[in-house]
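Spelled out from the first residue to the last, the chains are:
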Amino acid sequence: MGRAFVYVILGGGVAAGYAALEFTKRGVAHGELCIISEEPVVPYERPALSKGFLLPEAPSRLPSFHTCVGANEESLTPKWYKEHGIELVLGTRVKSADLRRKTLLTATGETISYKILIIATGARSLKLEEFGVTGSDAENVCYLRDLDDANRLVKVMQSCSGGNAIVIGGGYIGMECAASLLINKINVTMVFPEAHCMARLFTPKIATYYEDYYISKGVKFIKGTVLTSFEFDSNGKVTAVNLKDGEQLPADMVVVGIGICPNTGLFEGQLTLDKGGIKVNGLLQSSNNSVYAIGDVAAFPVKIFGETRRLEHVDSARKSARHAVAAIMEPSKTGELDYLPFFYSRVFTLSWQFYGDNAGEVVYYGDFSNSTFGAYWVNKGHLVGSFFEGGTKEEYEAIAKATRLKPAIDDLAELERQGLGFALAV
Ligand code: FDA
Ligand code: NAD
């Protein structure tokens, strides 16, 4: 026996929260919508976990960052879901899905059926074990994906004041956690295999700016190598890390951010997959008409790339969620999603935004010595990507707008001369 709903959202992260808000805006009836989540709390703004949550003074704590506060919308608390007649099945993992029968089986043995399923299962952190290193379960090795991880990280950090942290990975988690560790008075060494940080997005010149800033704060970088093993004490705590180049670094704690793996497992063999995620069309609809996918787990067509991509960022989770609900509730009025990729980060007092695609030739502008600078990417004669550090709301809006319009650029030197002025004038 079990329960039946018209709409079921599987997963209770960022995309689920924004989808729920959109459902209510479009008039979902009480009792029609259910959210099933392995997490014990209602959806929250995951980005807070590597920023405000880790501050030593006045850290952010729930309920202050439930969705949808990140988009200046109301905060959806458990009371809000109750008032809107949305059923919450929290702390409950779905262990199998039968898309032919339109049912989900939970780990507690309940069968939940749907007419329309929205998959919002996000992703899990990749583990060191997947790269041949054992020791992830040591008490002072931390990952960061959910609230449990964040609580654990805070506890470990508090026990390591003045000690040494090794940060494995030079991506978003590595950079944001390194900054937070330092603010918590912990010495930080970052280790990653690439030649510079944020290799998926930054050019060497942009990366150098941030690395130099981190170095000025006391962070050490060890690049072009990877972790091969840990040293443990008799209690199983990590005491040092061994690197491939032979170096050994003492460690009181380790933070690992080496990428993610989308949670597609329940649907393998039932849905078409692409780019490691669930392939959907511009309406976020999968190869099964009754099943949609949103957020980190969805691979959707992105016009500026001219192909299907999976994006691992909060803005695409929010917008894909809203679009899927629009397509479900008002199909005749909803066209294909035309999404402009948007990524951002905030560390120390720095803050950058990026829009579009980082393909083609790069034109830099502004002053790299005083925290206000930017870059444009020009591909096949058109502006396709924009990056800016230290901007105002209006300046960020201007680079977003200019990138969306993809203006023709025939003189790179002139674009460099105009700098931010080019975007402001578009
Ligand atoms: P999300 O991971 O948020 O949610 C997935 C949900 O599904 C979870 O609740 C999970 O428990 C649940 N679930 C999975 N399998 C299940 C199952 N079988 N049964 C039941 N439930 C299941 N982006 C950005 O643009 N700017 C930023 O500053 C940051 N900062 C940031 C910090 C940290 C620490 C992280 C981990 C990530 C970010 N991100 C970010 C990325 C951003 O948070 C991410 O893109 C969104 O959370 C994706 O939203 P989803 O809803 O797709 O997945
Ligand atoms: P990432 O993909 O940003 O970075 C992964 C990093 O892992 C790479 O830069 C590389 O340096 C490193 N790496 C890969 N293999 C390695 C190995 N064997 N040994 C050591 N290092 C290795 O992923 P992440 O930093 O783990 O972030 C996880 C997810 O959270 C991503 O989806 C990211 O977009 C998201 N996130 C986003 C933000 C943001 O947008 N501001 C902030 C935090 C997290």
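Residues numbered from 1 in each chain as written. Chains lettered and ligands numbered in written order. Predicted model: local features only at pLDDT ≥ 70, side-chain atom pairs only at ≥ 80, totals over all residues. Heavy atoms only, no water.

Engineer: Summarise the pairing of strand E3 (residues 33-36); cite the residues concerned and give the values.
Structural biologist: Burial along E3 is two-sided: Leu33 and Ile35 facing one way and Cys34 and Ile36 facing the other are all buried. Across 4 bridges, the pairing between strand E2 (residues 7-10) and E3 is parallel. Paired with Leu10 across the bridge in E3 is Ile36. Once the chain exits E2 it traverses helix H1 (residues 14-25) before rejoining the sheet at E3, and the crossover so formed is right-handed. One ladder, built from 3 bridges, connects E3 with strand E4 (residues 87-89); its direction is parallel. (Buried < 20%, exposed > 50% of the residue type's maximum accessible area, 1.4 Å probe, protein only. Helix = DSSP H or I, 4+ residues; strand = E, 2+ residues; numbered from the N terminus. Pairing = 2+ DSSP bridges. Right-handed = clockwise from strand over helix to strand, strands pointing away.)

Engineer: Account for the sheet that holds strand E19 (residues 273-274), with residues named and values stated.
Structural biologist: Ordered in space as E19-E20-E22-E23, the 4 strands form an open sheet in which the pairing is mixed. This sheet does not close on itself; its edge strands, each paired only once, are E19 and strand E23 (307-310). Pairing analysis gives 4 bridges linking strand E22 (residues 298-302) to E23, with the strands arranged antiparallel. Paired with Val302 across the two strands is Glu307, which belongs to E23.

Engineer: How would you explain the environment of Asp367 if you had to name every residue and give the values?
Structural biologist: Here Asp367 is to be found in strand E26 (residues 361-367). The class for Asp367 is partly exposed, based on a relative accessible area of 32%. C-alpha of Asp367 to C-alpha of Lys220: the two residues are 147 residues apart in sequence and 25 Å apart in space. Apart from the residues within four sequence positions on either side, Asp367 is in contact with Thr372 and Phe373. (Contact = heavy atoms within 4.5 Å.)

Engineer: Kindly report on the nonpolar core, identifying the contributing residues and their values.
Structural biologist: In terms of nonpolar packing, the biggest core is built from 133 residues, with Leu117, Met190, Phe202, Tyr210, Tyr214, Met253 and Phe387 touching the most fellow members. Ranked by the residues each element gives to this core, the list is headed by H1, at 8 residues. Residues contacting Met190, with those up to four places away along its chain left out, are Val167, Gly169, Gly170, Gly174, Met175, Ala178, Tyr214, Val219, Lys220, Phe221 and Ile222. Grouped together as the second largest cluster of nonpolar side chains are 18 residues, Leu128, Val191, Leu227 and Val254 included. (Core = buried A, V, L, I, M, F, W, Y, C linked by side-chain atoms within 4.5 Å.)

Engineer: Break down the site of ligand 1 for me, citing the residues and quoting the values.
Structural biologist: Close to ligand 1 lie 32 residues, the nearest being Glu39, Arg46, Lys51, Arg145 and Asp296. Lys51 is positioned such that a nitrogen or oxygen atom in its side chain is 2.5 Å from an oxygen atom of ligand 1. Val314 is positioned with one of its backbone polar atoms (N or O) 2.9 Å from an oxygen atom of ligand 1. The fraction of the free accessible surface of ligand 1 (990 Å²) that becomes covered by protein chains is 93%. Breaking the shell around ligand 1 down by element, the ones donating at least two residues are H1 and helix H6 (314-329). Residues that form the shell around ligand 1 fall into these classes: 13 nonpolar, 11 polar and 8 charged. (Near = heavy atom within 4 Å. Polar contact = N/O pair within 3.5 Å; in protein donor to acceptor, adjacent residues only side chain to side chain. Areas by Shrake-Rupley, 256 points an atom, 1.4 Å probe, with all protein chains shown as cover. Nonpolar A, V, L, I, M, F, W, Y, C, P; charged D, E, K, R; others polar.)

Engineer: Could you give an account of H6, with specific residues and numbers?
Structural biologist: The end-to-end C-alpha separation of H6 is 23 Å, in line with the 22 Å expected for 16 residues at 1.5 Å each. Across the 16 residues that make up H6, a large majority, 13, are buried. (Expected span 1.5 Å × (residues − 1).)

Engineer: Could you give me a rundown of the site of ligand 2, with the residues and numbers involved?
Structural biologist: Around ligand 2 sit 21 residues, and of these Ile173, Glu176, Glu194, Glu312 and Tyr344 come closest. In the model, an oxygen atom of ligand 2 is placed 2.6 Å from a nitrogen or oxygen of the Glu312 side chain. Out of a free accessible area of 850 Å², ligand 2 has 85% covered by protein chains. Elements represented by at least two residues in the shell around ligand 2 include exactly helix H4 (172-183) and strand E24 (342-347). Per element, the largest residue contribution to the shell around ligand 2 is 3 residues, and it comes from H4. Taken together, the residues that form the shell around ligand 2 break down as 10 nonpolar, 7 polar and 4 charged.

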